[in-house]
Amino acid sequence: MDNHEKKTKYNLKYAKEKLKRIPLDVQKEKYEEIKTHAEKQDESVNGFIKRAIDETIEHDNKKLASATSMESGG
């Protein structure tokens, strides 16, 4: 087995153990909008989607923490 085959085997094993695919269907026009935006940010579409998810989760958690603080009289 050469190095390329070993790396391919390792990558497949890693993906199977550590990654979860999330299928996402969008209209073609929306995909082009996402792609154009990602390119302007010097990102891949995948990288942009991951960043958007991370930023949304962070935003929502801050909003939730603020609401919880207000309810407890903070």
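Residues numbered from 1 in each chain as written. Predicted model: local features only at pLDDT ≥ 70, side-chain atom pairs only at ≥ 80, totals over all residues. Heavy atoms only, no water.

*Asks:* How should I be thinking about helix α1 (residues 3–18) in this particular structure?
*Replies:* End to end, α1 covers 22 Å across 16 residues, agreeing with the expected 22 Å (1.5 Å per residue, within 8%). Counting buried residues along α1, only 0 of its 16 residues qualify, which leaves the element largely exposed. Between the side-chain oxygen at the start of α1 and the backbone nitrogen of H4 there is a gap of 3.3 Å, and the oxygen is on D2. (Helix = DSSP H or I, 4+ residues; strand = E, 2+ residues; numbered from the N terminus. Expected span 1.5 Å × (residues − 1). Buried < 20%, exposed > 50% of the residue type's maximum accessible area, 1.4 Å probe, protein only. Polar contact = N/O pair within 3.5 Å; in protein donor to acceptor, adjacent residues only side chain to side chain.)

*Asks:* In this structure, what is going on with the pattern of salt bridges? I would like to understand it.
*Replies:* Counting across every chain of the model gives 5 salt bridges. Ionic pairing is found between K30 and E33, a salt bridge with its closest N-O pair at 3.1 Å. With a gap of 3 residues between them, K30 and E33 both fall in helix α2 (residues 28–40), about one helical turn apart. Given a relative accessible area of 49%, E33 falls into the partly exposed group. One salt bridge connects K62 with E58, and the closest N-O pair in it is separated by 3.3 Å. (Salt bridge = Lys/Arg side-chain N within 4 Å of Asp/Glu carboxyl O.)

*Asks:* So what exactly am I meant to see when it comes to unusual backbone geometry here?
*Replies:* Trans is the prevailing form of peptide bonds, just as negative phi is the prevailing case for residues other than glycine. Despite not being glycine, D42 shows a phi value in the positive range, around 60 degrees. When you line up the elements, D42 lands in the loop between α2 and α3 (45–71). Classification of D42 as exposed rests on a relative accessible area of 74%.

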